[in-house]
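Report on the structure
Okay, here's what each chain looks like letter by letter:
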Amino acid sequence: MNPVLDIQRECARLAAERDNLREQWEGEASTGHVLRPGELDLSHKVILYLDDISVSFDGFRALNKLSLTIDAGELRCIIGPNGAGKTTMMDVITGKTRPDSGKAFFGQTIDLTRLTEPEIAHAGIGRKFQKPTIFEQHSAFENLELAMKADKRVRRTLFARLADDERDRVAAVLRRIRLEQVADRPAGLLSHGQKQWLEIGMLLMQEPKLLLLDEPVAGMTDEETERTAELLKSLAGQHSLVVVEHDMAFVEALGGEVTVLCEGAVLAEGELATVQADPRVIEVYLGR
Ligand SMILES: Nc1ncnc2c1ncn2[C@@H]1O[C@H](COP(=O)(O)OP(=O)(O)O)[C@@H](O)[C@H]1O
Ligand SMILES: [Mg+2]
């Protein structure tokens, strides 16, 4: 009898059992890549993959074989003239509009064209619309709390007391969006910029992997615009962000790669200075 050997043997047996269970559970061990059903697969560093997407409205091609890839943790700006298809692209990603053809994948395995809007939100894609949809009579704190409760993963009634960790999450988001000082103020009394940040905070409560923002600084003061750029930059890395924006100073402040859409397809892609110097880009902006 050697107790050390016995323990080693027992450890080996438990490890084998654990591996077996994992294989049964994940079912994909043979590919050397293990995932739970519905889990986001970022093994190729790509979080969003659009390929050859077309969308027509009454014969008009709003998206025309659009192909676009966003990496995990990336902060990407989408610019382009009015009618280029920027909002339609976001509608396709979030399931609001079904493409006529093409592929849309979230990570390697989640086919967005097969999911409903709520399923896509639940999979980890959050969208901020231009008009904030906050609850004006409720405080900023309560708005964040409500956003957390709206998350189906939190199985608790609206009126149940917040657990400490939930309170900490709300506090962390309030700090992140710089609204700690006005946390108890009715949201309706916040400035335009503060309301926009609150809505971003409400999205953050759902812990999205990919955040889509359509013209987030429209109507903001210069100072609010600067702060928004800082906020979004602070989110990159942990989250992937796709920002549609017209304000070039803001796009420059964000500093990420820029995609220029035109007539439903990608016209140019790269650093802002590079795409701005591209004659085709200059032409579409000057031509309108
Ligand atoms: N639901 C719709 N029905 C008909 N046409 C639409 C619809 N949505 C968008 N379009 C058209 O598709 C084109 C692209 O629109 P949109 O995606 O909103 O462009 P952007 O956001 O770049 O300004 C525009 O010409 C617009 O009029
Ligand atoms: Mg638009």
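Residues numbered from 1 in each chain as written. Chains lettered and ligands numbered in written order. Predicted model: local features only at pLDDT ≥ 70, side-chain atom pairs only at ≥ 80, totals over all residues.

**Some words on the site of ligand 1**
The immediate surroundings of ligand 1 are formed by F57, A62, G80, N82, G83, A84, G85, K86, T87 and T88. Take the shell around ligand 1: its biggest share by element is three residues, from helix 2 (residues 86-93). Each residue belonging to the shell around ligand 1 can be placed in one class, and the counts come to three nonpolar, six polar and one charged. (Near = placed C-beta within 6 Å. Helix = DSSP H or I, 4+ residues; strand = E, 2+ residues; numbered from the N terminus. Nonpolar A, V, L, I, M, F, W, Y, C, P; charged D, E, K, R; others polar.)

**A short note on the environment of E180**
Here E180 is to be found in the loop between helix 5 (164-176) and helix 6 (192-205). A count of 13 C-beta atoms within 10 Å places E180 in the partly exposed class. Expressed as a C-alpha distance, the spacing of E180 and A140, which sit 40 residues apart in the sequence, is 8.8 Å. Discounting chain neighbours no more than four positions away, the residues touching E180 are L174 and R175. (Buried ≥ 20, exposed ≤ 12 C-beta atoms within 10 Å, placed from the backbone. Contact = placed C-beta atoms within 7 Å.)

**Some details on the pairing of strand 1 (residues 46-57)**
Two faces make up the sheet, and in a regular strand the side chains alternate between them. With eight bridges connecting them, strand 1 and strand 2 (residues 60-71) associate as antiparallel partners. Bridging from a neighbouring strand, S56 pairs with R61 of strand 2. Between strand 1 and strand 2, which pair antiparallel one after the other, the connecting turn spans two residues, and D58 there sits at a positive phi close to 50°. In this sheet, strand 4 (residues 101-106) lies alongside strand 1 in antiparallel orientation, the contact comprising five bridges. The residue bridging D51 from the neighbouring strand is K103, located in strand 4. (Pairing = 2+ DSSP bridges.)

**A look at the confidence of the model for the protein**
Any residue range with low pLDDT should be treated as having predicted coordinates unsuitable for detailed reading. Summarising the model, the protein shows a mean pLDDT of 88, and 85% of its residues fall at 70 or more. Every residue in residues 27-31 scores below 50 in pLDDT, and together they form six contacts with partners more than four places removed in sequence or on other chains. (pLDDT = per-residue confidence, 0-100.)

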